[in-house]
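Tertiary structure, described
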Amino acid sequence: MSDDDLPDDSKLTRSKQRWASEGKFLTGHIARPEAERLPPGQHLVRDWPVLDLGKQPDIARERWRLRVGGLVERPVDLDWAGFMALPQTTLRTDIHCVTTWSRYDNDWTGVATRDLIDLVAPRDEAGFLMLHGYDGYTTNVPLADFASEHALIAHSWQGKPITREHGGPARLIIPHLYFWKSAKWIKGIDFLGADKAGFWEVNGYHMRGDPWAEERYS
Ligand SMILES: Nc1nc2c(c(=O)[nH]1)N[C@H]1C(S)=C(S)[C@@H](COP(=O)(O)O)O[C@H]1N2
Ligand SMILES: [Mo]
C-alpha cells in the first residue's frame, strides 16, 4: 500500500504500523511473556496482601525454634543461632495466591530446603511433609515439591527481616505452588510416609496446589 491510498488519519496509521512492527502495545511481543509468567486465572498486584487465620503469633527470635523430624535419620531442633549458622541462600521468586493475586520479584534470604534436607537426611520411606505454624496452621506438600531448588525457609524479604504479619521471624516459601503451602511462623516440619491433609486441604483445597494446573480445590 502506497501513502496515496491512506485515508486522512494516515499519520496515525503509519504510527500504528510502526508500533506493530516494534511489538509495542499491539502485538504479543510484550504481552505474551507476561501471560506465560502469570498462571491462569491470576492477576498481578504490586502491594503484598496479608492472609492468615487472624492470629499473628509474636515470636521473638530468642524464643523461636524449628523442629524437623518424622521419617528422618537426624531430627533437629534448631534455635535462631543454629538456623542462621546454616548455609544462607538468596533468590528472587513470584508469589501466586489461590485467591487470584500474584506478586512478582520477591527477594528472599534464608535456608534452602535442600540444605535442610541434607541436614536431617530423610529416610527412603519419606514422601510427604506436614508443615506447622506457631498459629496452629498446618499444610501438607509432597517431598519433591518441598525439595524444589527455589524453596527456602526465609527470614528476609527485599533485604529486611520478614515482618510478623508476613510470618516472621521465619516462614516457608515454595514459589511454584499456591501460597497457602508456604507456612508462615514456621515451627515444625514432619517427614511422612503418606500424604495427610493440612488445614485448608481438609477444607477442600488441593493436596498439591500447582497454579499452572489451577489445582485450587480438590
Ligand atoms: N502459619 C500460617 N501460614 C500461612 C497461613 C496461615 O494462616 N498461617 N495462610 C496461608 C495463606 S492462605 C496464604 S495466601 C499465605 C499468605 O501469606 P502473606 O500473608 O505473607 O501474604 O500464607 C499462607 N501461610
Ligand atoms: Mo491464600
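The coordinates are above.
Now for a quick tour of the structure.

Procedures and definitions
- Residues numbered from 1 in each chain as written.
- Chains lettered and ligands numbered in written order.
- Predicted model: local features only at pLDDT ≥ 70, side-chain atom pairs only at ≥ 80, totals over all residues.
- Heavy atoms only, no water.
- Core = buried A, V, L, I, M, F, W, Y, C linked by side-chain atoms within 4.5 Å.
- Buried < 20%, exposed > 50% of the residue type's maximum accessible area, 1.4 Å probe, protein only.
- Helix = DSSP H or I, 4+ residues; strand = E, 2+ residues; numbered from the N terminus.
- Contact = heavy atoms within 4.5 Å.
- Near = heavy atom within 4 Å.
- Polar contact = N/O pair within 3.5 Å; in protein donor to acceptor, adjacent residues only side chain to side chain.
- Areas by Shrake-Rupley, 256 points an atom, 1.4 Å probe, with all protein chains shown as cover.
- Nonpolar A, V, L, I, M, F, W, Y, C, P; charged D, E, K, R; others polar.
- 1 Å grid on protein atoms, 1.4 Å probe; cavity = no way out; pocket = protein on both sides within 12 Å on 5 of 7 lines; lining within 4 Å.
- Points joined across faces, edges and corners; volume = space filled by probe spheres on them.
- Pairing = 2+ DSSP bridges.
- Axes fitted to C-alpha atoms, helices over the stretch in contact; angles between N-to-C directions.
- Salt bridge = Lys/Arg side-chain N within 4 Å of Asp/Glu carboxyl O.

Observations concerning the nonpolar core
- Membership of the largest hydrophobic core comes to 31 residues, with the highest contact counts inside it found for Phe146, Ile186, Ile189 and Phe191.
- Of all the elements in the fold, those that place two or more residues in this core are strand E2 (65-70), strand E3 (76-79), helix H3 (80-84), helix H4 (113-120), strand E6 (128-133), helix H5 (143-146) and strand E11 (186-192).
- Setting aside its immediate chain neighbours within four residues, Ile189 contacts Leu66, Arg67, Val68, Gly69, Leu116, Leu129, Met130, Leu131, Phe146 and Ile153.
- Val45, Ala154, Ile162 and Ile173 belong to the second-largest nonpolar core, a separate cluster that totals 12 residues.

So, the site of ligand 1
- Surveying the vicinity of ligand 1 reveals 19 residues, the closest of which are Pro49, Asp135, His166, Arg171 and Lys184.
- Here an oxygen atom of ligand 1 and a backbone polar atom of Pro49 are 2.7 Å apart.
- A distance of 2.7 Å is found between an oxygen atom of ligand 1 and a side-chain nitrogen or oxygen belonging to His166.
- About the coverage of ligand 1: the protein hides 98% of its 530 Å² of free accessible area.
- Its residues placed into classes, the shell around ligand 1 shows 13 nonpolar, 2 polar and 4 charged.

Comments concerning the side chain of Ser156
- Mapped onto the fold, Ser156 is located in strand E8 (residues 152-157).
- For Ser156, a relative accessible area of 11% translates into the label buried.
- A polar contact of 3.0 Å, which involves the side chain of Ser156, links it to the side chain of His155.
- Not counting residues up to four positions away in its chain, the partners in contact with Ser156 are Asp107, Trp108, Thr109, Pro161 and Ile162.

Notes on empty space enclosed by the protein
- One pass over the structure, following the stated rule, counts 1 cavity of 30 Å³ or more.
- Computed from the structure, the largest cavity encloses a volume of approximately 40 Å³.
- In terms of lining residues, the largest cavity is bounded by Thr93, Asp94, Ile95, His96, Trp108, Ile173, Ile174, Pro175, Leu177, Phe179 and Ser182.
- Counting residues per element, the lining of the largest cavity draws most heavily on strand E4 (residues 89-96), which supplies 4 residues.
- Considered class by class, the residues forming the lining of the largest cavity number 7 nonpolar, 3 polar and 1 charged.

Topic: the environment of Asp195
- Turning to its location among the elements, Asp195 is positioned in the loop between E11 and helix H6 (199-202).
- Through-space distance from the C-alpha of Asp195 to that of Leu143 is 9.8 Å; in sequence the pair is 52 residues apart.
- Filtering out sequence-adjacent residues up to four positions away, Asp195 remains in contact with Phe128, Asn140 and Met207.
- A distance of 2.9 Å separates polar atoms of two side chains, one belonging to Asp195 and the other to Asn140.

Side note on the pairing of E11
- Burial runs high along E11: 5 of the 7 residues are buried.
- Summarising the sheet, E2 and E11 pair through 4 bridges and their orientation is parallel. Bridging across to E11, Gly70 finds its partner in Phe191.
- Judged from the 6 bridges that link them, E6 and E11 form a sheet pairing that is antiparallel. Residue pairing across strands places His132 opposite Gly188, the latter belonging to E11.

Observations regarding the sheet that holds E3
- Taken in spatial order, the 5 strands line up as E3-E2-E11-E6-E7 in an open sheet, and their pairing is mixed. Of all the strands in the sheet, the pair left with one neighbour each is E3 and strand E7 (138-142). The average angle at which neighbouring strand axes cross in this sheet is 15 degrees, direction not considered.
- Along the sheet face, H4 touches E2, E3 and E11 and points at about 130 degrees away from the line of E3.

With respect to the pattern of salt bridges
- Applying the stated criterion across every chain, the model contains 12 salt bridges.
- For the salt bridge of Asp52 with Lys184, the shortest nitrogen-to-oxygen distance reads 3.2 Å. Here Asp52, found in the loop between strand E1 (43-44) and E2, pairs with Lys184, found in the loop between strand E10 (171-173) and E11; they are 132 residues apart in sequence, far enough to count as distant.
- We classify Asp52 as partly exposed; its relative accessible area is 28%.

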